[in-house]
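# Geometric and topological summary
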Amino acid sequence: MDFLNSILVKPFADMFGAPDFLLQVLWEGLVSGVLYALIALGFVLIYKSSRIFNFAQGIMVVFAALTLVGLHEKGVPALLAVPLTLLVMFILAVAIERVVLRPLVNQPDIILFMATIGITLFLVGFGEIIFGGENKVMITQELHIPTGSFEFEPFGGFVSIEQKDLTAVVGAIVLVAGLLLFLNKSKMGRAIRALGDDHQAALSVGISLSTIWVLVWFIAGVIALATGIVWGARAGVSFALEVIAFKALPVLMLGGLESVLGAIIGGLAIGVLEKLFEIYWGQPLLGGNTETWFAFVFALLVLLFRPQGLFGEKIIERV
Amino acid sequence: MKNLMKTGVALLLLGTALAPAAWAQDAINVTNLSYRTGPFAATGIPLMNGQRDYMMMLNERDGGVNGVKLNYDECETGYNTEKGAECYEKTKATSIVTQPWSTGITLQVLPKSNVDKIPILAPGYGFSPMTDGKIFQWAFNPPASYWDGASMILKAISDGNLDSLKGKKIALLHLDAPYGKEPIPLLQAYAEKHGFTLLPIPVGLKEMQNQSAQWLQIRRERPDFVLMWGWGAMNAGAVTEAVKTKFPMEKFVGIWWSGHDGDMKSAGEAAKGYRSISWSLPDSNAPVMQDIKKHVVDTGKSLIGEGEFDWVFYQRGVLISMFAVEGIKAAQAHFDTKVVNAEQLRWGLENLKIDEAKLAEIGMTGMIGTFSTACNNHAGHAGGWMMEWDGAKFVKVSDHLEADQDMIAPLVEAEAKKYADANAPWPINEECK
């Protein structure tokens, strides 16, 4: 009886007993969710256009953030370092298309996937040589990202919202909205979607595979930079940022690999749910640290009922 | 003439074949299972740099140790246990010591050391019961174990009166890995004895930089103190969240691997007052540091970055290499040989005598407490000091602290025996031969 009470009653009693704390938990979950969604978006874009699962997305976050901070350390003003970093990410996209992807056209998906592991290893070594492995401080203030906090006292309690978290949420919304607009309204965006739907058909109407691949890898680079700034502002820029890419995997399982909307909703859902579960069930009942597995279990449960994910396409193959 | 030519060629070939062997005879290989890459690289780099530069300085200044060059080498593990085990296998034939650099790797290679007869040197880390040299004959964790660290932290936060912790709640924010879990048995024993509540809060690898859930728990539970067993990016993540949660910094104390200048830079001024126990004290003006500067840094041979020379971790790396070197020197003297092997080094590490005279001789006075090792004491228990972050660097804020061995020793004995029983047949050196 006590056990059922601790699972079914106490957590909800705790939520309503301290609503200010619940609000804080929801906010923190939302911020995490936005950040997960950002990382997942990078994966989705590349998968949509090329059917490649980009293992290098995590290291691209590190590389973009290190380039930004590294350029600033060399004396480049922060606001100039951002476009210069984007230029570096563009050059990286061109190099990946020319050196890695183009020679592997028509190879099985697993070969392309392995190639992205190669890109990861290269970027780890290359990044180490150029920037070193030490923890670096993100140039938050130089980028005019506010660092204070808004504090409220709802229900007689206390809720604190970090301004940089708020900026991250707003920035992510703007980025995603711009991306959706680009994908749905621009000629290039439609070309990316066409390529994602059917490579052969897209090529037959004159869509350039190499141009689109450069474009999507560049957009993934832009997302990587945004993700790197946001995460780097929280705890510094180091190669540890690479592991956060793994947080996107359950998001992709949940939202579907081809769906931009799925990445966003999946990210937000996992961010909020894992935080609620950890605080009200995981810590009191399981000793905490449930965030390491909750998202995967949740995504697996969803896959039992929708194998293609919440928003993925149902693929029917004739055999 | 033909025979002469044949003899000449044979001698030449023999000479060529023997040359590397002869060269090898004049050097001692000391391999480090380093982690300069991966999520923990920010912590590893200054430590490895310190280790490397001390040995390089000895080679440059003295031509090695008693005329024998030190071949310092690294095998990169990325702090990954599987890669660490591979590195151990790869280097055990050539290196006279294994420096595993993670508690996970230490636990992995611990049983192998008995068979391979190669000493494990894990200064200030590893499995705390390794202190018991009768059971862990090949493992050494000088100058202090994690349990020494936990004991000293409790002494510091209670101002020496552990009974004052009665009724209090102490959270242990720890990496969810063997390293992070190390202090739990001792802290639990202390909690039972002195009546405080211990609240372990694990942090997963992927959550190191986003610890909002852990700090929400801290906000809800309102512990009187938060102790941290963090490594790499976890330290910076925790301090940033502590600032955000407005947790009083003077109530937040880390183990020695959570006191890294590089990690604290992210929080800067806001983390003022955060403390960390340390068995080493940085002193850039110490003769040994000045010699490293002269022979290695100023000659462009060091790999250190800007400001790193003054960091706690860089100078701790220097001290860590000193343990290996002093072990070699002790073995050279005892066995009356120049090129010591792994078994001889084991004797050397078991007979370290780091007293004031020795520290003065090697130019390290004040950088570490005095200690000596013995057959039944592989840690030495040098004690340590509380260091406090002043917004720009760590400064010493306490007198020399010593761990409570009356509390630790029975637990070491019990846990070491438990380990030996679980891994039976396990060789035990009861008579301390």
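Only a predicted model underlies this, so the values are computations on that prediction, with no experimental measurement involved.

Calculation notes
Residues numbered from 1 in each chain as written. Chains lettered and ligands numbered in written order. Predicted model: local features only at pLDDT ≥ 70, side-chain atom pairs only at ≥ 80, totals over all residues. Helix = DSSP H or I, 4+ residues; strand = E, 2+ residues; numbered from the N terminus. Rg over C-alpha atoms; globule rule 2.2 N^0.38 Å. Buried ≥ 20, exposed ≤ 12 C-beta atoms within 10 Å, placed from the backbone. Contact = placed C-beta atoms within 7 Å. Pairing = 2+ DSSP bridges. Core = buried A, V, L, I, M, F, W, Y, C linked by C-beta atoms within 7 Å. Domains from an automatic or database assignment. Nonpolar A, V, L, I, M, F, W, Y, C, P; charged D, E, K, R; others polar. pLDDT = per-residue confidence, 0-100. Axes fitted to C-alpha atoms, helices over the stretch in contact; angles between N-to-C directions.

Here we come to the overall build of chain B. Across its full length, chain B carries 15 helices and 14 strands. On C-alpha atoms alone, chain B measures out to a radius of gyration of 23 Å, which is about the 22 Å that the 2.2 N^0.38 rule sets for 433 residues. Each principal axis of the C-alpha atoms in chain B carries an extent, and together these give about 95 × 50 × 40 Å. Residues counted as buried form 54% of the 433 residues belonging to chain B. Long-range contacts, defined here as pairs at least 24 residues apart, represent 70% of the contacts in chain B between residues at least 6 apart.

Right, let's get into the pairing of strand β1 (residues 149-152) of chain A. All names here are of chain A. With 4 bridges joining them, β1 and strand β2 (residues 159-162) adopt antiparallel strand pairing. Following the sheet pairing, E151 is matched in β2 by S160. Following β1, the chain reverses through 6 residues before pairing antiparallel with β2; F155 in that reversal takes a positive phi of roughly 55 degrees.

Moving on to the nonpolar core. Counting 222 residues, the largest nonpolar core has A40(A), L41(A), A65(A) and V216(A) as its most contacted members. Of the domains in this structure, domain 1 (26-145 + 285-382 + 410-422) and domain 2 (147-281 + 387-409) of chain B are the two that each give at least three residues to this core. Residue contacts for V216(A): discarding those within four places in its chain leaves L45(A), I46(A), S49(A), S50(A) and I192(A).

Every contact between the two is made by 34 residues of chain A and, on the other side, 34 residues of chain B. If you list the elements that add at least two residues to the side of chain A that touches chain B, you get α2 (19-50), α5 (109-131), α9 (209-235) and α11 (260-286) of chain A. Here the side of chain A that touches chain B gets 5 residues from one element, more than from any other, and that element is α2(A). Partitioned by chemical class, the residues of the side of chain A that touches chain B number 13 nonpolar, 11 polar and 10 charged.

Moving on, we come to the domain arrangement of chain B. Residue and element names in this part refer to chain B. Examined at the domain level, chain B breaks down into domain 1 (26-145 + 285-382 + 410-422) and domain 2 (147-281 + 387-409). Here domain 1 and domain 2 have C-alpha centroids that lie 25 Å from each other. Between domain 1 and domain 2, the contact holds 33 residues from the first and 32 residues from the second. Looking at the side of domain 1 that touches domain 2, the elements with two or more residues in it are α2 (41-62), α4 (103-116), α12 (312-335) and α15 (405-422).

So, on to the confidence of the model for chain A. Per-residue confidence for chain A averages 89 on the pLDDT scale, and 98% of its residues sit at or above 70. Mean pLDDT across the secondary structure elements of chain A bottoms out at helix α8 (residues 199-204) of chain A, with 84, and peaks at helix α4 (residues 78-101) of chain A, with 95.

Residues and elements named next belong to chain B. In space, the 7 strands of this open sheet follow the order β7-β6-β8-β9-β10-β13-β14, with mixed pairing throughout. For this open sheet the edge positions go to β7 (197-203) and β14 (394-396), each flanked by a neighbour on one side alone. Between one strand axis and the next, the sheet turns by 25 degrees as a mean value, whatever way the strands run. Contacts between helix α7 (residues 184-194) and the sheet are confined to β6 (169-175) and β7, with β7 contributing the most and set at about 160 degrees to the helix.

Quick look at the pairing of strand β13 (residues 385-389) of chain B now. Residues and elements named next belong to chain B. With respect to burial, β13 is a largely interior element, 4 of its 5 residues being buried. Here strand β10 (residues 275-278) pairs with β13 via 4 bridges, running antiparallel. Of the residues in β13, the one forming a bridge with S278 is W385. Direction of pairing for β13 relative to β14: antiparallel, over a ladder of 3 bridges. When the bridges of β14 are listed, E388 appears paired with V395. The loop that links β13 with its antiparallel partner β14 comprises 4 residues; one of these, G391, has a positive phi angle of about 105 degrees.

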